[in-house]
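Residue-level structure breakdown
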Amino acid sequence: MNPILKYIENLFAKKRVLGNDPLLNGLVEADRLLLDLVSEEKVPGLAITVLKQGEPFFQKGYGLADLERKLPVDPQSSVFRIASVSKPIAATALAYMVGDNLIDLDASFYTYVPYYPKKKYDFTIRQLASHTAGIRGYRGIEYGLNKPYTIKESIEIFKDDELLFKPGTDYLYNSFDWVLISLAMEEVSGIPFETYVQEKVLVPLGMDRTSWPDLGHTQAEPCFYSKNKRGFRKAIPVNNYYKMAGGGFLSTTPDIAKFGQAYLEGQVLTPGLRNEFLSAQKVDGSSIYYGLGWQVSQDAQGRPYYGHVGNGVGGYSNFLVYPEEEMVFSILINCTDPKVQPELDVVIDSLIRSKEGQSGPL
């Protein structure tokens, strides 16, 4: 019997007797953990798409996309806020601009945005992309602003603040770095940042379900939630247009998986540019486990990966590419920081440990 058909039969049996088949046990464990996240009301809804050697390996929706209307998550079409998984998408667009000699990673940011207030120290595009420029992070309610800022207008939030450290001497993860990068990209290209991303990344890769928030916040978006002691409630209104590059895109798990697969197969950029953006930067000779818009690290079992984890208002995301295993993981949740990363780590480990062999979408 086809292993996946056998798996489905066992999955719904009153007793699961799977023997020592790692493929089936790994799939069952992952599915059980994800079902538990919904049944224990840790998440309202979740979608997962996993590719292995370029083929669908595990794909399923859990819970509800809309709690009020009882609409289930569709793993193919449900749209989520992908939060900081936006950074690798923006980084890919930036890399194309670098490849076209429109932006120099090691040039001063002021080369491209001369009107930005001068600081004690100069800083470069590379330092912004690696979060080593000294730009501060969110303060107070800035995390959930609901103002229709353009990218250029939004710098008023932080432009008059001094750098927190001399660029290149420390690492501070934040999304304002990528606001500045997207502003530089607009100044160089002369077109809106999202238009450039669409032309250089989304359309060529067929990511037709990936979009961005409307500047005026008039478009109808899917439901997004946050959680408190009394349960789930709709997330606060937020306009993420100005911080698209750092955390504003919306997408589906198949689109994000497709994006990761394009990197695995070398469909994007030249090998030299891919390597530059996917190489962990260093501060004082020590790795910061972050490249240029990409997390570059190892998991608890020592397996190398690149990708990004994201958390934003109404959305939590995991996007991980395991080059040695030839696997891509895309997990999207419609809730602000549901505190389930340990469970997701176990899900990912379970699927990686599944036996090599015949596979297919669940």
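In this report, the structure presented in the accompanying data block is examined. (Residues numbered from 1 in each chain as written. Predicted model: local features only at pLDDT ≥ 70, side-chain atom pairs only at ≥ 80, totals over all residues. Heavy atoms only, no water.)

1. Let's talk about the overall build of the protein
Cut-off, in case you're wondering: Helix numbering and strand numbering both begin at the N terminus, where a helix is a DSSP run of H or I of at least 4 residues and a strand a DSSP run of E of at least 2. For each residue, the accessible area found with a 1.4 Å probe, counting protein chains only, is set against the maximum for its type, and the residue is called buried under 20%, exposed over 50%, and partly exposed in between. A contact between two residues is defined here by any heavy atoms of the two lying within 4.5 Å. Areas reported as accessible are Shrake-Rupley estimates using a 1.4 Å probe. Residue values count occlusion only from the protein chains shown.
When helices and strands are tallied, the protein shows 11 helices and 13 strands. In the protein, which comprises 362 residues, the proportion classed as buried is 56%. Excluding contacts between residues fewer than 6 apart, the proportion of contacts in the protein whose partners are at least 24 apart in sequence is 67%. As displayed, the protein has an accessible area near 15,400 Å², and 51% of this comes from carbon and sulfur atoms.

2. Regarding the packing of helix H6 (residues 176–189) against helix H7 (residues 193–202)
Quick note on the threshold: The convention used is that axes are lines fitted to C-alpha atoms, helices contributing only their stretch in contact, and that angles between N-to-C directions extend from 0 to 180 degrees. If an angle is under 35 degrees, it is roughly parallel; if it is over 145, roughly antiparallel; if it lies from 65 to 115, roughly perpendicular; otherwise it is oblique. When residues are grouped by polarity, Ala, Val, Leu, Ile, Met, Phe, Trp, Tyr, Cys and Pro land in nonpolar, Asp, Glu, Lys and Arg in charged, and all others, Gly among them, in polar.
Two elements in contact, H6 and H7, have axes separated by 9 Å at closest approach and are oriented at 80°. The pairing of H6 with H7 is recorded here as roughly perpendicular in orientation. Residues Ser-182, Met-185, Glu-186 and Ser-189 of H6 touch H7, and the partners they reach there are Phe-193, Glu-194 and Tyr-196. Within the contact of H6 with H7, the residues separate by chemical class into three nonpolar, two polar and two charged.

3. Here we look at unusual backbone geometry
The residue His-131 is not glycine, and still its phi comes out positive at about 60°. In this structure His-131 comes out as buried when scored by relative accessible area, which is 0%. Positive phi outside glycine occurs at Leu-269, with the angle close to 65°. Its location among the elements puts Leu-269 in the loop between helix H9 (253–264) and helix H10 (271–277).

4. Overview of the pattern of salt bridges
Heads up, the condition is: What counts as a salt bridge is simple: a side-chain nitrogen of Lys or Arg found within 4 Å of a carboxyl oxygen of Asp or Glu.
Under the definition given, this model contains 17 salt bridges. Glu-142 is the salt-bridge partner of Arg-136, the closest N and O atoms lying 2.9 Å from each other. We note that Arg-136, like Glu-142, is buried. Here Lys-339 ties to Asp-337 by a salt bridge, and the two come within 2.8 Å at their closest N and O atoms. Exposure remark for Lys-339: the relative accessible area of 63% places this residue in the exposed category. Here the residues in one salt-bridge network are Glu-29, Asp-299, Arg-303, Asp-349 and Arg-353, joined through shared partners.

5. Brief notes about the pairing of strand S1 (residues 45–52)
Using the following cut-off: When DSSP finds at least two bridges between two strands, those strands are taken to pair.
Within S1, eight of the eight residues are buried, which leaves the element mostly enclosed by the surrounding structure. Here S1 shows two buried faces, one formed by Gly-45, Ala-47, Thr-49 and Leu-51 and the other by Leu-46, Ile-48, Val-50 and Lys-52. Strand direction decides the pairing type here: S1 and strand S2 (residues 55–66), joined by eight bridges, are antiparallel. Counterpart to Ala-47 in the pairing with S2 is Gly-61. Taking the residues that link successive antiparallel strands as the turn, the S1-S2 hairpin has two residues, and the phi of Gln-53 there is positive, at about 55°.

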